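Next come the chains, spelled out residue by residue.
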Amino acid sequence: MAAQDFNFLLATDSYKITHYKQYPPNVNRVYSYFECRRKKGAQFNEVVFFGLQYLLKRYIAGRVVTEEKIQEAKVFYQMHFKQVVFDEQGWRSVMEKYDGRLPIRIKAVPEGKIIPRGNVLFTVENTDPEFFWLTNYIETMLVQMWYPITVATISREFKKILARHLKSTSGSLEGLEFKLHDFGYRGVSSQESAALGGAAHLVNFCSTDTVAGLIMAQRYYNCPMAGFSIPAAEHSTIISWGRNREKEAYECMLDQFPSGPVAVVSDSYDIFKACRHIWGGKLKERVMERSEDSALVIRPDSGDPAETLLEVIKILEECFSCSQNSVGFKVLPSYLRIIQGDGIDLCSVEDAVYVLLAPGVLLIALRACVQILKKLHDEGWSAENVFFGCGSALLQKLNRDTLNCAFKCSYVETNGKGMDVYKQPVTDPSKGSKRGRLSLRRNSDGFIETVESGVGKPEEDMLVTVFENGTLLQEYSLDEIRKNARLWEEDVSPALHNQDHPTPLDVHQKHIMNGVH
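Not measured: the values here are computed from a predicted model.

*Asks:* Can you walk me through the side chain of Ser266 in this structure?
*Replies:* Among the structural elements, Ser266 can be located in the loop between strand S7 (262–265) and helix H11 (271–282). For Ser266, the side chain forms a polar contact with the main-chain oxygen of Val264, separated by 2.9 Å. Apart from the residues within four sequence positions on either side, Ser266 is in contact with Glu246, Tyr250, Ile271, Ala274, Trp279, Ile298 and Arg299.

Written as structure tokens, this is what we have:
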């Protein structure tokens, strides 16, 4: 339920306080929708729907209007506008007729579903003709859905990349759910951002250091423990020993955590000397005593991610040798792995992982790295050797325009008579909006599409009523959401991204854009 100290009446853009005065006379219904607009040339062609359940539970469900909150809002807006514009009577009517619960209906895509951009994700409408102005009053809060949707989408894009490369170089997807670790807690703008973004990443992976995300998954998505971590060093715990005692700092980590994996940042001074002379020299026997279940995970934390990673793995091969897996790629001993957490974003993950790929595969996004990849691909290392960490690129380097999220009115009723409405700016056709009551369906060709103007069939509609008149009607567990967001076969199968043979790429992108499941 909504927090007692949160005033829903104050959770909107200032100008919306005045909108109840601006609608035409006798309007009794306003219907609006949210989408991630389709944009030509966009980096992401589909989105992961996630986070609405949290917003509804935390801020919107239950008794959100009280006399105390009405009076607080009345005084606040009088000071803010320097005139009387606040609809005191309207809010008091909500309180009296509905015990302060919002007479609103929200229909939404099930959380975790993968939906092509340009489709409706949820709709909002008033259930009582008196409160037509409520629909778009709550736009401000609901549009903040852009954040968990965007994080979940970016996280899943990482997962696609890692899955393809892991499959290509190891023959399986074993351990995929731990391949990308969330390091983003300190890099976000607030505790709530960490919680919501951290939980969004957990839709796709089980590896995180963002405790706030785990707590959100517990409290709002019925998951007792959604992610895992391991003991790990930071620079302060290494350099506090002094430069001359770097070996002792590393040995302490092995002593303190003899069982289970342990990660040690090893570039406080010289990552290459540390790998060759300490891990691969003075402590070599200690490292070799460990098992697959208690692996040493070496963490570079500076330099060019791809070049540093390859140099480190070469040194470790010299010191500890390697073997070939079932598909012919090199693998370090099972007691030794690497995690690259510095400078990782979508492009650099592809750079770094692509170092470990077979010859002849080229992602279009990596044209700038062709020369590096050509030099490195013959090394033939498996992606099994490497884990990745991602911080601000996962949780912070994004905004509402990353996926072009928008909330627009598409239908109104006046005196009970319906009218489809829309915007169509002559200066930017991409900002044109949908018309009428909307539904979402899978058509006879298997593609997901939005049906406009109220002509959709209810039995085909993928939108589910999740909220009505102050009550949450549908809840999803994180387990259900993860199943909805699982990768598809074409996400995992390596596509040949070769300019000389464009057809497979074109087909692959077409399938994603049209939402084939």
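We are not done yet, so read on.
*Asks:* It is not clear to me how the packing of helix H10 (residues 246–256) against H11 should be interpreted in this structure. Could you clarify?
*Replies:* Two numbers describe a pair of packed helices, the interaxial angle and the distance between the axes. Between H10 and H11, whose axes approach to 11 Å, the crossing angle comes to 55°. The pairing of H10 with H11 is recorded here as oblique in orientation. The chirality of how H10 crosses H11 is right-handed. The residues of H11 that touch H10, namely those facing Glu246, Lys247, Tyr250 and Leu254, are Ala274, Ile278, Trp279 and Lys282. Here the contact of H10 with H11 is composed, by residue class, of five nonpolar, no polar and three charged.

*Asks:* Please clarify how the packing of aromatic side chains should be interpreted in this entry.
*Replies:* Two measures describe an aromatic ring pair: the distance that separates the ring centres and the angle between the ring planes. Evaluation of the coordinates by the stated rule reveals 22 aromatic pairs. For the pair Phe122 and Phe407, a centre-to-centre distance of 6.4 Å together with 50° between the ring planes defines the contact as tilted. Of this pair, Phe122 sits in strand S5 (residues 120–126) while Phe407 sits in strand S13 (residues 405–414), and the two are 285 residues apart along the sequence. Taking the relative accessible area as the measure of exposure, Phe122 reaches 0% and is therefore buried. Assessed through its relative accessible area of 3%, Phe407 is described here as buried. Taken together, the aromatic side chains of Phe8, Trp91, Tyr98, Phe131, Trp133 and Tyr137 make up a single cluster linked through ring pairs. Positioned above the aromatic ring of Phe205 is the side chain of Lys159, whose terminal nitrogen or guanidinium carbon lies 5.8 Å from the ring centre.

*Asks:* Is there a simple way to explain the nonpolar core in this structure?
*Replies:* The nonpolar side chains of a soluble globular protein tend to be buried, and buried together. Phe8, Phe34, Trp91, Ile106 and Phe122 are the most contacted members of the largest nonpolar core, which has 143 residues in total. When residues of this core are assigned to their parent elements, the largest contribution, 10 residues, is made by helix H6 (residues 146–170). Leaving out residues up to four positions away in the same chain, Phe8 has contacts with Tyr59, Ile60, Val64, Trp91, Leu102, Tyr137, Ile138 and Met141.

*Asks:* Hey, could you run me through helix H13 (residues 305–320) in this one?
*Replies:* Each α-helix turn comprises 3.6 residues. Residues three or four places apart therefore point the same way. The end-to-end C-alpha distance of H13 is 22 Å, a good match for the 22 Å that 16 residues give at a rise of 1.5 Å each. All of the buried residues in H13 are Pro305, Ala306, Thr308, Leu309, Leu310, Val312, Ile313, Ile315, Leu316, Cys319 and Phe320. The N-capping residue of H13, defined by a side-chain oxygen 3.2 Å from the backbone nitrogen of Ala306, is Asp304. Downstream of H13 by one or two residues, Ser321 has phi in the positive range, about 65°.

*Asks:* Looking at this model, I keep getting lost on the pairing of S7. Mind explaining?
*Replies:* For a regular strand, the rule is simple: side chains alternate between the two faces of the sheet. Burial of S7 is two-sided: the residues Val262 and Val264 facing one way and the residues Ala263 and Val265 facing the other way are all buried. Direction of pairing for S7 relative to strand S8 (residues 296–299): parallel, over a ladder of four bridges. Looking across to S8, one finds that Val264 is bridged to Ile298.

*Asks:* How should the sheet that holds strand S14 (residues 417–420) be read in this particular structure?
*Replies:* Through backbone hydrogen bonds, the strands of a sheet pair up, either in parallel or in antiparallel fashion. With antiparallel pairing, seven strands are arranged side by side in an open sheet as S14-S13-S1-S5-S3-S17-S18. Unpaired on one side and paired on the other, S14 and strand S18 (471–472) mark the two borders of the sheet. Where strand S1 (residues 27–36) lies against S5, five bridges are found, and the strand directions are antiparallel. Residue pairing for S5: Ser32 is matched across the bridge by Val124. Running over the sheet, helix H1 (residues 52–60) touches strand S3 (104–108), strand S17 (464–468) and S18 and is turned about 15° from S17.

*Asks:* Hey, could you run me through unusual backbone geometry in this one?
*Replies:* Trans is the common state for peptide bonds, and a negative phi is the common state for residues other than glycine. Here Asn26, not a glycine, exhibits a phi torsion of approximately 70°, which is positive. Along the chain, Asn26 turns up in the segment before S1. A positive phi angle, near 55°, is found at Asn415, a position not held by glycine. Along the chain, Asn415 turns up in the loop between S13 and S14. Owing to a relative accessible area of 57%, Asn415 belongs among the exposed residues under this scheme.

*Asks:* It is not clear to me how the pattern of salt bridges should be interpreted in this structure. Could you clarify?
*Replies:* Side-chain pairs of opposite charge can arise whenever the charged atoms involved come near each other. Considering all chains together, one arrives at 29 salt bridges under this definition. Its salt-bridge partner being Glu88, residue Lys74 comes within 3.2 Å of it at the nearest N-O pair. Residue Lys74 is located in helix H2 (residues 67–81), and its partner Glu88 is located in helix H3 (residues 88–98); the two are separated by 14 residues in the primary sequence. Between Arg441 and Glu449 there is a salt bridge, with the nearest N and O atoms lying 2.5 Å from each other. Judged by its relative accessible area of 24%, Glu449 falls in the partly exposed class.

*Asks:* Please clarify how the packing of H1 against helix H8 (residues 211–221) should be interpreted in this entry.
*Replies:* The N-to-C vectors of H1 and H8 enclose an angle of 70°; their axes lie 10 Å apart at closest approach. Considering their axes alone, H1 and H8 lie roughly perpendicular with respect to each other. Across from Leu52, Gln53, Tyr54, Lys57 and Arg58 in H1, the residues of H8 making contact are Met216, Arg219, Tyr220 and Tyr221. Taken together, the residues of the contact of H1 with H8 break down into five nonpolar, one polar and three charged.

*Asks:* Hey, could you run me through the side chain of Glu46 in this one?
*Replies:* Examined against the element boundaries, Glu46 turns out to sit in strand S2 (residues 46–48). A polar side-chain atom of Glu46 sits 3.2 Å from a polar atom in the side chain of Arg156. At 2.5 Å, the side chain of Glu46 and the side chain of Lys160 are in polar contact.

*Asks:* Would you explain the layout of surface pockets in this entry?
*Replies:* Unoccupied space between atoms shows up once a probe the size of one water molecule is rolled over them. Considered as a void within the structure, the largest pocket measures approximately 1500 Å³ in volume. In this structure, the largest pocket is lined by 47 residues; those nearest its centre are His181, Ile230, Val297, Ile339 and Phe387. Of all the elements in the fold, those that place two or more residues in the lining of the largest pocket are H6, S7, S8, strand S11 (336–340), strand S12 (386–390) and helix H16 (392–395). Looking at the lining of the largest pocket, its residues break down into 19 nonpolar, 14 polar and 14 charged.

*Asks:* Just to check I follow, could you spell out the state of the cysteines for this structure?
*Replies:* Disulfides are covalent bonds that connect the sulfur atoms of two cysteines. Summed over the entire model, instances satisfying the criterion amount to zero disulfides. Looking at the unpaired Cys223, the closest cysteine sulfur is the one in Cys206, lying at 8.1 Å. Residue classification places Cys223 among the buried residues on the basis of a relative accessible area of 6%. With no disulfide partner, Cys275 has as its closest neighbouring cysteine sulfur the one in Cys319, 8.1 Å distant.

What counts, and at which threshold
- Residues numbered from 1 in each chain as written.
- Predicted model: local features only at pLDDT ≥ 70, side-chain atom pairs only at ≥ 80, totals over all residues.
- Heavy atoms only, no water.
- Helix = DSSP H or I, 4+ residues; strand = E, 2+ residues; numbered from the N terminus.
- Polar contact = N/O pair within 3.5 Å; in protein donor to acceptor, adjacent residues only side chain to side chain.
- Contact = heavy atoms within 4.5 Å.
- Axes fitted to C-alpha atoms, helices over the stretch in contact; angles between N-to-C directions.
- Parallel < 35°, antiparallel > 145°, perpendicular 65-115°, else oblique.
- Left-handed = near helix turned anticlockwise from the far one by under 90°.
- Nonpolar A, V, L, I, M, F, W, Y, C, P; charged D, E, K, R; others polar.
- Phe/Tyr/Trp six-rings, centres within 6.5 Å; stacked < 30°, edge-to-face > 60°.
- Buried < 20%, exposed > 50% of the residue type's maximum accessible area, 1.4 Å probe, protein only.
- Lys NZ or Arg CZ within 6 Å of the ring centre and 35° of its normal.
- Core = buried A, V, L, I, M, F, W, Y, C linked by side-chain atoms within 4.5 Å.
- Expected span 1.5 Å × (residues − 1).
- Pairing = 2+ DSSP bridges.
- Salt bridge = Lys/Arg side-chain N within 4 Å of Asp/Glu carboxyl O.
- 1 Å grid on protein atoms, 1.4 Å probe; cavity = no way out; pocket = protein on both sides within 12 Å on 5 of 7 lines; lining within 4 Å.
- Points joined across faces, edges and corners; volume = space filled by probe spheres on them.
- Disulfide = S-S within 2.5 Å.

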